[in-house]
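This is what each chain is made of:
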Amino acid sequence: MDTLVILLPLVLGYLIRLHHRPTLKLIDRSLSWIVYLILGLMGIGLGAMDNLLAEIGDILSLTATLIGLTLVANMVALPLVDKLRPLFLENAKAKIPTFTLFLESLQLAGVVLAGVIVGVVFPAVGVHVDTLVNAVLMLLLLLIGMQLRSAGMTLRQILLNPHGIMIAAVVLATSLLAGAATAWIWELPTHQGLALAAGTGWYSLSGALISAELGPAMGSVAFLADLSRELIAIILIPILMQRTPASAIGYGGATALDFTLPVIQRSGGPQTVPIAIVSGFVLSVAGPILIPFFLAMG
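Position labels on residues start from 1 in each chain and follow its written sequence. Selection of residues for local features in this predicted model requires a pLDDT of at least 70, selection of side-chain atom pairs for listing and counting requires 80 or more, and totals for whole chains, interfaces and linings are taken over all residues. To get the side-chain values, all heavy atoms of the structure are used, and hydrogens and water are removed first.

So, about the packing of helix α10 (residues 216–240) against helix α12 (residues 261–268). Running from amino to carboxyl end, α10 crosses α12 at an angle of 15°, the nearest separation of the two axes being 9 Å. The orientation of α10 relative to α12 falls into the category roughly parallel. When you trace α10 past α12, the crossing you get is right-handed. Counted together, I234, I237 and P238 of α10 and V263, I264 and S267 of α12 form the full contact between these two elements. Every angle, taken between N-to-C directions, lies between 0 and 180 degrees, and every axis is a line fitted to C-alpha atoms, over only the stretch in contact when it is a helix. In this text, helices come from DSSP runs of H or I with a minimum length of four residues, and strands from runs of E with a minimum of two, each type numbered from the N-terminal end. Should an angle fall under 35 degrees it is called roughly parallel, over 145 degrees roughly antiparallel, and 65 to 115 degrees roughly perpendicular, with every other angle called oblique. Working rule for handedness: look at the near helix, and if it is turned counterclockwise from the far one by less than a right angle, call the crossing left-handed; if clockwise, right-handed. Contacts are assigned to residue pairs that have any heavy atoms within 4.5 Å of one another.

Rendered as structure tokens:
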């Protein structure tokens, strides 16, 4: 989805002033349900893919290597951001036991799995799922924009946030390092590994661009690695938020601008939203620039 299209409903929501407390509480409750709806639809879209099982079987090892190295590289470096720029979360779920947060994360992942099953059993259901997801996402961002305005956040805080830029820089650098290491392990050209890693969660973009240049197998690696980043982030965000907010916000990569944004907001409170938006925005802009650049090096 185009970055400007994503930001438009957020800005429109921010322009709406609300002071009616019952309405604000209704928005807060609605955000949780919309999260579940988006995750379920995302799962249906994945399950409805043609030859899903065959694609996973062919590229499982390469994908697992890229996912594992990226996770390690990101998680080693991102806590350094917390040391340089500590973030104190007023509304984080700090008093909730980690096990409870883990169960909540599994519940979110379970919604995705249920959607995958529906998509596999009833593939016709997934025909228009992308359009529906985009529509629901627009509504979600509109409501988040309204919530930001009610929290008293300025546009400068939302769009010009050095904390978010620092997180994005660390995520991008360490992800590219993981991509280069994956290429070395599997004896691939380095530029291919860099291209695989440059999507940082934007699976629809990376999968399409790399498939066109390197074939469907490599495109599937990019797609599944970036999709896995999103799914793993859903599980990790509530667990990591109270200990290392930069890791919770950063690991989702480009998805911090859209799909993982509501989970970040739910776990860390409104003050994490501007940081996540800026981080996701920077990485979303970097993807369509870097992937073609690395592919052209071949």
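Having seen the structure, we can now continue with the description.
Glancing now at empty space enclosed by the protein. The pocket and cavity definitions rest on a 1 Å grid over protein atoms only: a 1.4 Å probe that fits but cannot leave marks a cavity, an open set with protein on both sides within 12 Å along at least five of seven lines marks a pocket, and residues lining either have an atom within 4 Å of a point. Grid points are joined across faces, edges and corners, and a volume is the space filled by probe spheres set on the points. Enumeration according to the criterion identifies three cavities of 30 Å³ or more in this entry. Computed from the structure, the largest cavity encloses a volume of approximately 90 Å³. Around the largest cavity sit L66, I67, T70, S175, L196, A197, A225, D226, R229 and Y251, which together line it. Contributions of two or more residues to the lining of the largest cavity are made by α3 (52–84), α8 (190–197) and α10. For the lining of the largest cavity, the per-class residue count stands at six nonpolar, two polar and two charged. Charged means Asp, Glu, Lys or Arg here, nonpolar means Ala, Val, Leu, Ile, Met, Phe, Trp, Tyr, Cys or Pro, and polar covers whatever is left, Gly included.

Only protein chains enter the area calculation, which uses a 1.4 Å probe; residues under 20% of their type maximum are buried, those over 50% are exposed, and those in between are partly exposed. Extensive coverage of α12 is indicated by the burial of seven of its eight residues. Residues of α12 that are buried include every one of L261, P262, V263, I264, Q265, S267 and G268, and no others. Downstream of α12 by a residue or two, G269 has a phi angle that is positive, lying close to 90°.

Turning our attention to a nonpolar patch on the surface. Patch membership requires over 30% relative accessible area and the absence of a salt bridge. Like charges are linked within 9 Å, and nonpolar side chains (Val, Leu, Ile, Met, Phe, Trp, Tyr) within 5 Å. Per-residue and other accessible areas follow the Shrake-Rupley method at a 1.4 Å probe size, with only the shown protein chains counted as cover for residues. Salt bridge, as used here, is a side-chain nitrogen of Lys or Arg placed within 4 Å of a carboxyl oxygen of Asp or Glu. Together, L113, I117, V118, V120, V121, F122 and V125 make up an exposed nonpolar region whose accessible area comes to about 630 Å². Secondary-structure assignment places F122 in the loop between α4 (98–121) and α5 (129–150).

The subject of this paragraph is the nonpolar core. Core analysis: the biggest nonpolar cluster contains 83 residues, and I144, I167, I210 and I249 have the highest contact counts within it. Residues within four places of I249 in sequence aside, it is in contact with L87, I167, M241, A256, I264, T272, I275 and A276. As used here, the term nonpolar core means buried Ala, Val, Leu, Ile, Met, Phe, Trp, Tyr and Cys residues forming a set that is joined through side-chain atoms within 4.5 Å.

Axis separation between helix α2 (residues 21–47) and α10 bottoms out at 13 Å; the angle between their running directions is 155°. Taken together, α2 and α10 sit at an angle that is classed as roughly antiparallel. In the packing of α2 onto α10, the handedness of the crossing is left-handed. Along its contact with α2, which presents L39, M42 and L46, the element α10 presents F223, L227, E230, L231 and I234. Its residues assigned to classes, the contact of α2 with α10 shows seven nonpolar, no polar and one charged.

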